[in-house]
Amino acid sequence: MKNQDTLLEELIDSNAILNSLSDEEIGDDHLYSGIDTPMKPDAFKLSDDEKKESIAQLFAQIMDVMGLDLNDDSLRGTPKRVAKMFIDEIYSGLNPANKPKVALFENKYQYNQMLVEKDITFYSNCVHHFVPIMGKAHVAYISSGKVIGLSKLNRIVQYFAKRPQVQERLTNQIAKELQTVLETEDVAVIIDAKHLCVSSRGIKDDTSATVTSFYGGKFNTPEKIQELYNYINN
Ligand SMILES: [Zn+2]
């Protein structure tokens, strides 16, 4: 185990390296800068409707600059459609107002082993290119005396996926939220995903996938990790 000071030093070092690189040098390397999605303090000054209006105008400008004829029937509605899709669907998880409300129940059955919700299909978009990330999330917890409805595990995954994401951040955001709502450290999250910015462009590798994991509390032992993998691969 590394002590806090070593971890902190490494973090400072990696940030120093990060800050010394230009955007071009960073290029396609999917760097991860911390657990929280970087948001401006005034992120919610505009209403959703105002945001949609503004995004539609700006997206029309992008299309116009690219030389597309926005008077054509096939393109006319696109800026508004994109704006609505951004705010109401694929980036709706940026707004904390959309976070799933979670009710906890007593663990009446006294079930004290791990509960695994596996193969949760999700779609997200990468923060570096704004193209899709898609994959499966597997989440698990050991009840501290409280349980939540299974569909809520799904909804928590979907909420954090609906942001421009880095897979490491998505993994940790889901884990931290589960730890908070379930009132336990004993949470695990595994994400296995394909990044279209890797397969459809750039390096154009269609077969690779990225796997990330978080093992908190009692999950952080080789035996528990093995048990979890047995359930997932079963
Ligand atoms: Zn990307």
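Preceding block: the structure.
Read on for an overview of the structure. (Residues numbered from 1 in each chain as written. Predicted model: local features only at pLDDT ≥ 70, side-chain atom pairs only at ≥ 80, totals over all residues.)

## What to know about the packing of helix H3 (residues 48-65) against helix H5 (residues 78-90)
The interhelical angle for the contact between H3 and H5, taken along N-to-C directions, is 135 degrees, at an axis separation of 8 Å. Comparing their axes, H5 and H3 come out oblique. When the axes of H3 and H5 are compared, the crossing they make is right-handed. Where H3 approaches H5, its residues Asp48, Lys51, Lys52, Ile55, Ala56, Phe59, Ala60 and Met63 are matched on the opposing element by Thr78, Pro79, Lys80, Val82, Ala83, Lys84, Phe86 and Ile87. Tallied by class, residues from the contact of H3 with H5 come to ten nonpolar, one polar and five charged. (Axes fitted to C-alpha atoms, helices over the stretch in contact; angles between N-to-C directions. Helix = DSSP H or I, 4+ residues; strand = E, 2+ residues; numbered from the N terminus. Parallel < 35°, antiparallel > 145°, perpendicular 65-115°, else oblique. Left-handed = near helix turned anticlockwise from the far one by under 90°. Contact = placed C-beta atoms within 7 Å. Nonpolar A, V, L, I, M, F, W, Y, C, P; charged D, E, K, R; others polar.)

## A short note on the pairing of strand E3 (residues 132-142)
The two faces of the sheet receive side chains in turn, since in a regular strand these alternate between them. Taking burial as the measure, the eleven residues of E3 include eight buried ones, the bulk of the element. As paired elements, strand E2 (residues 114-126) and E3 share ten bridges and run antiparallel to each other. For Tyr123, the partnering residue across the bridge sits in E3 and is Met134. The loop that links E2 with its antiparallel partner E3 comprises five residues; one of these, Phe130, has a positive phi angle of about 55 degrees. The pairing of E3 with strand E6 (residues 187-195) spans nine bridges and is antiparallel. By the bridge assignment for E6, Val139 is matched with Val189. (Buried ≥ 20, exposed ≤ 12 C-beta atoms within 10 Å, placed from the backbone. Pairing = 2+ DSSP bridges.)

## Considering the sheet that holds E2
The pairing of strands in a sheet comes from backbone hydrogen bonds and takes either a parallel or an antiparallel form. An order of E5-E2-E3-E6-E7 is seen for the five strands of this open sheet, with the pairing classed as mixed. In this open sheet, the two strands that pair with only one neighbour each are strand E5 (164-165) and strand E7 (210-215). The strands that helix H9 (residues 222-233) touches are E2, E3, E6 and E7; relative to E2, the one it contacts most, it runs at about 75 degrees.

## Observations concerning the nonpolar core
In terms of nonpolar packing, the biggest core is built from 31 residues, with Val139, Val157, Ile174, Leu178, Val187, Ala188 and Val189 touching the most fellow members. Elements with a minimum of two residues in this core: E3, helix H6 (150-161), helix H7 (167-182) and E6. (Core = buried A, V, L, I, M, F, W, Y, C linked by C-beta atoms within 7 Å.)

## Regarding H3
The periodicity of an α-helix, 3.6 residues per turn, causes residues three or four places apart in sequence to face the same way. Given a rise of 1.5 Å per residue, 18 residues ought to cover 26 Å, and the 25 Å separating the end C-alpha atoms of H3 matches this to within 8%. Immediately beyond the C-terminal end of H3, within one or two residues, lies Gly67, with a positive phi of roughly 95 degrees. (Expected span 1.5 Å × (residues − 1).)

## Some details on the packing of H6 against H7
Pairs of packed helices are described in terms of their axes, by the angle between the two and the distance that separates them. The geometry of H6 relative to H7 is characterised by a closest axis approach of 10 Å and an angle of 140 degrees between their N-to-C directions. By the angle between their axes, H6 is oblique relative to H7. Relative to H7, H6 is oriented so that their crossing is right-handed. In this structure, H6 contributes Ile156, Val157, Phe160 and Ala161 to the contact, and H7 contributes Leu170, Gln173, Ile174, Glu177 and Leu178. Partitioning the contact of H6 with H7 into residue classes produces seven nonpolar, one polar and one charged.

## Details of the pairing of E6
Burial within E6 is extensive, with seven of its nine residues counted as buried. Strand direction decides the pairing type here: E6 and E7, joined by six bridges, are antiparallel. Bridging from a neighbouring strand, Val189 pairs with Phe214 of E7.

## Quick look at the environment of Thr210
Within the secondary structure layout, Thr210 lies in strand E7. Separated by 18 residues in sequence, Thr210 and Asp192 place their C-alpha atoms 5.6 Å apart. Ignoring anything within four residues of it in the chain, the contact list for Thr210 reads Gln167, Ala193 and His195.

## Looking at H7
Here H7 spans 22 Å end to end across 16 residues, near enough to the 22 Å set by a 1.5 Å rise per residue. Buried within H7 are the following residues: Gln167, Arg169, Leu170, Thr171, Gln173, Ile174, Ala175, Leu178, Val181 and Leu182. With its phi angle positive at about 55 degrees, Glu183 sits one or two positions after the end of H7.

## Quick look at the environment of Ile148
Turning to its location among the elements, Ile148 is positioned in strand E4 (residues 146-148). The sequence separation of Ile148 and Ala103 amounts to 45 residues, and the corresponding C-alpha distance is 6.4 Å. In this structure Ile148 touches Val102, Leu104, Leu153, Val181 and Leu182, once residues within four positions along its chain are discounted.

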